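As a plain string of letters, each chain reads:
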Amino acid sequence: MKKLFSGIKPTGKIHLGNYLGALKNWAELQKKYNCIYSIVDMHALTIDIHPNELRDNSLKLAIDLLALGIDPKKSLLFRQSDVVGHTELAWIFNCLTPVAELERMTQFKDESKRSAGNVNAGLLTYPVLQAADILLYRAETVPVGEDQLQHLELTRIIARKFNNRYQRYFPESKPIISPARRVMSLKYPDKKMSKSHGEASYIAIRDDEKTITKKIQKAVTNERGILNLLELYSYFGTQNKYKEMMESHKAGKLMNLQLKEELIKVILEFLKPVQEKIAYYEDNKPKVEKILRDGGKKAQRQADQTMSQVKQLVGLK
Ligand code: AMP
Ligand code: TRP
């Protein structure tokens, strides 16, 4: 089976945008790939985050991933900072990456604007660490959201530079984009669902019934908003019901209230077993810690192999 790597930052609550745009795919890809999934806590240090919050977020994220179907029997699940090698390889890649390539990254430009008082060097070299995450395992496949395509392109550039300068060693990793490219905000229907646009914009997978009901009831229902709600329904509801509501929307007969009620119902149905699993792991945190430790140990073995060969190739050994 081909190797696959992906990472997610522990920077806050997981919402349906993350699930549909990334994590659902992560779970499904376990059938076809040798999957390595990482909670990339070192990437989270590029933003101003309190140490307790970072620790807490990382464990919560691990719980959410397990509840959403990441199976430690099939895949490796680990904390990036538990494996020695990510930053070491990133340094070697830093020395191959033109600064101009980093300065033109959209995410760097956006983040620098957003955190104008904290444009740290980590923000600039963020995609180099990302390339190291992927190539430390020589992963050929990387499921990501659309916004990460540019970073994947840079990962391939870095692999090519290494291969040309030293020896053909790293694969040129290819992205896989999930079918739900952009799940939209409930409050601002022309923006993507995101933590940064406020509580009312997203449904977190840990939101309770009352909160979800209120958020959907308050969702904006201009033309774009209704189409978003219908699209959201299509992911969780039945295809027949979706088609029926779409037809009736086109005929100008769909009642917003009915659409919202149907949507609340299917989302609650989907989240019920997920939240039961979350509650289970919340009560069994040592189990989660063990899963992360075991995943880290296995990942470390693969990382050691790569680093030993890389050090030989670049002349550090
Ligand atoms: P973030 O929350 O921005 O760190 O994103 C984590 C993962 O979820 C990335 O792979 C994103 O591409 C994906 N993602 C986040 N928000 C959305 C959204 N609204 N629609 C689709 N995918 C998303
Ligand atoms: N930059 C990615 C994001 O913001 C997270 C990430 C870090 C990642 N390392 C990775 C994704 C390696 C895929 C592969 O979503």
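These numbers come from a predicted model, not from an experiment.

S.K.: Would you mind showing me how to read the pairing of strand β2 (residues 34–39) here?
M.R.: Regular strands have side chains that alternate between both faces of the sheet. With 5 of its 6 residues buried, β2 lies for the most part within the structure. Bridge count for strand β1 (residues 3–8) against β2 is 6 bridges, and the pairing is parallel. Bridge pairing in β2 links S6 to Y37. You can see the chain leave β1, run along helix α1 (residues 16–29) and come back into β2, and the turn it takes is right-handed.

S.K.: Sorry if this is basic, but what is going on with the side chain of H43 here?
M.R.: One can find H43 in helix α2 (residues 41–44). Among the polar contacts listed, one links the side chain of H43 to the side chain of Q80, at a separation of 3.3 Å. Those residues in contact with H43 that sit more than four places away from it in its chain are K9, Q80, Y126, L129, Q130 and D133.

S.K.: Please explain helix α8 (residues 149–165) as it appears in this structure.
M.R.: Two residues of an α-helix separated by three or four positions point the same way, owing to the 3.6 residues in each turn. Under the 1.5 Å per step criterion, the end-to-end length of α8 is 24 Å for 17 residues, consistent within 8% with the ideal 24 Å. Taken together, the buried positions of α8 are occupied by H151, L152, L154, T155, R156, I157, I158, A159, F162 and N163.

S.K.: Explanation requested: the site of ligand 2 in the structure shown.
M.R.: Taken together, 13 residues form the shell around ligand 2, and within it K9, Y126, Q130, D133 and Q148 come nearest. In this structure, Y126 approaches ligand 2 through a side-chain N or O atom, which is 2.7 Å from a nitrogen atom. Between ligand 2 and D133, the relevant distance is 2.7 Å, taken from a nitrogen atom to a side-chain nitrogen or oxygen of the residue. Here ligand 2 loses 90% of its free accessible area of 370 Å² to cover by the protein chains. In terms of residue count, the dominant contributor to the shell around ligand 2 is helix α7 (residues 121–135) (4 residues).

S.K.: Any chance you could explain the packing of helix α3 (residues 51–67) against helix α13 (residues 285–314) here in plain terms?
M.R.: Angle between the axes and distance between the axes: these two values describe a pair of packed helices. Their axes nearest at 10 Å, the elements α3 and α13 cross at an angle of 85°. It follows that α3 is roughly perpendicular to α13 by the angle criterion. Note on element contacts: α13 touches α3 through K285, V288, E289, I291 and L292, opposite L59, A62, I63 and L66. Across the contact of α3 with α13, the residue classes tally to 7 nonpolar, no polar and 2 charged.

S.K.: Please clarify how the nonpolar core should be interpreted in this entry.
M.R.: Burial of nonpolar side chains together is a common tendency in soluble globular proteins. Ranked by internal contacts, the top residues of the largest apolar core, which has 57 residues, are L65 and I267. For this core, the leading source of residues is helix α12 (residues 256–283), giving 9 residues. Among the domains, domain 1 (3–181 + 285–314) and domain 2 (195–280) are the pair contributing at least three residues each to this core. Among residues more than four places away in sequence, those in contact with L65 are I8, L23, W26, I39, I70 and L77.

S.K.: Just checking my understanding: could you explain the side chain of Q30 for this structure?
M.R.: Turning to its location among the elements, Q30 is positioned in the loop between α1 and β2. The class of Q30 is buried, set by a relative accessible area of 6%. At a separation of 2.8 Å, a polar atom in the side chain of Q30 contacts the main-chain carbonyl oxygen of G69. Within the local environment of Q30, its side chain forms a polar contact with the side chain of S75, the two groups lying 2.7 Å apart. Those residues within four positions of Q30 in sequence are excluded, and the remaining contacts are C35, Y37, G69, I70, D71, K74 and S75.

S.K.: Mind showing me how you'd approach a positive patch on the surface here?
M.R.: Taken together, the side chains of R293, K297, K298 and R301 define a basic patch exposed on the protein surface. The exposed category is assigned to K297, whose relative accessible area is 51%.

S.K.: Explain the layout of surface pockets here, please?
M.R.: Gaps left between atoms show up when a probe the size of a water molecule is rolled over them. The computed volume of the second largest pocket comes to approximately 160 Å³. Lining of the second largest pocket is provided by M42, H43, T46, T87, A90, N94, G122, T125, Y126, V128 and L129. Put simply, the parts of the chain that give the lining of the second largest pocket at least two residues each are α2, α4 (86–94) and α7. The greatest single-element share of the lining of the second largest pocket, amounting to 5 residues, is contributed by α7. A per-class count over the lining of the second largest pocket returns 5 nonpolar, 6 polar and no charged.

S.K.: Would you mind showing me how to read the environment of E88 here?
M.R.: In this fold, E88 is placed in helix α4. Remark: the alpha-carbon pair of E88 and L136, spanning 48 residues in sequence, is separated by 9.7 Å. Ignoring any residue separated from it by four or fewer positions in sequence, one finds E88 in contact with M307 and K311.

S.K.: Sorry, what's going on with unusual backbone geometry here?
M.R.: A negative phi holds for most residues other than glycine; trans holds for most peptide bonds. Even without glycine at this site, R138 takes up a positive phi of about 50°. Along the chain, R138 turns up in the loop between α7 and β4 (141–144).

S.K.: Looking at this structure, I do not really get the site of ligand 1. What am I missing?
M.R.: If you check the shell around ligand 1, you find 15 residues, and the closest are N18, G145, D147, V183 and M193. Within the contact set of ligand 1, an oxygen atom lies 3.0 Å away from a side-chain nitrogen or oxygen of N18. A distance of 2.8 Å is found between a nitrogen atom of ligand 1 and a backbone nitrogen or oxygen belonging to V183. Contact with the protein chains hides 85% of the accessible area of ligand 1, taken as 480 Å² for the molecule alone. Here the residues of the shell around ligand 1 are counted per class, giving 5 nonpolar, 5 polar and 5 charged.

Reading the values: the criteria
- Residues numbered from 1 in each chain as written.
- Chains lettered and ligands numbered in written order.
- Predicted model: local features only at pLDDT ≥ 70, side-chain atom pairs only at ≥ 80, totals over all residues.
- Heavy atoms only, no water.
- Buried < 20%, exposed > 50% of the residue type's maximum accessible area, 1.4 Å probe, protein only.
- Helix = DSSP H or I, 4+ residues; strand = E, 2+ residues; numbered from the N terminus.
- Pairing = 2+ DSSP bridges.
- Right-handed = clockwise from strand over helix to strand, strands pointing away.
- Polar contact = N/O pair within 3.5 Å; in protein donor to acceptor, adjacent residues only side chain to side chain.
- Contact = heavy atoms within 4.5 Å.
- Expected span 1.5 Å × (residues − 1).
- Near = heavy atom within 4 Å.
- Areas by Shrake-Rupley, 256 points an atom, 1.4 Å probe, with all protein chains shown as cover.
- Axes fitted to C-alpha atoms, helices over the stretch in contact; angles between N-to-C directions.
- Parallel < 35°, antiparallel > 145°, perpendicular 65-115°, else oblique.
- Nonpolar A, V, L, I, M, F, W, Y, C, P; charged D, E, K, R; others polar.
- Core = buried A, V, L, I, M, F, W, Y, C linked by side-chain atoms within 4.5 Å.
- Domains from an automatic or database assignment.
- Patch = residues over 30% accessible without salt bridge, like charges linked within 9 Å, V, L, I, M, F, W, Y side chains within 5 Å.
- Salt bridge = Lys/Arg side-chain N within 4 Å of Asp/Glu carboxyl O.
- Lys, Arg positive; Asp, Glu negative; His and termini not counted.
- Charge placed at Lys NZ, Arg CZ, Asp CG, Glu CD.
- 1 Å grid on protein atoms, 1.4 Å probe; cavity = no way out; pocket = protein on both sides within 12 Å on 5 of 7 lines; lining within 4 Å.
- Points joined across faces, edges and corners; volume = space filled by probe spheres on them.

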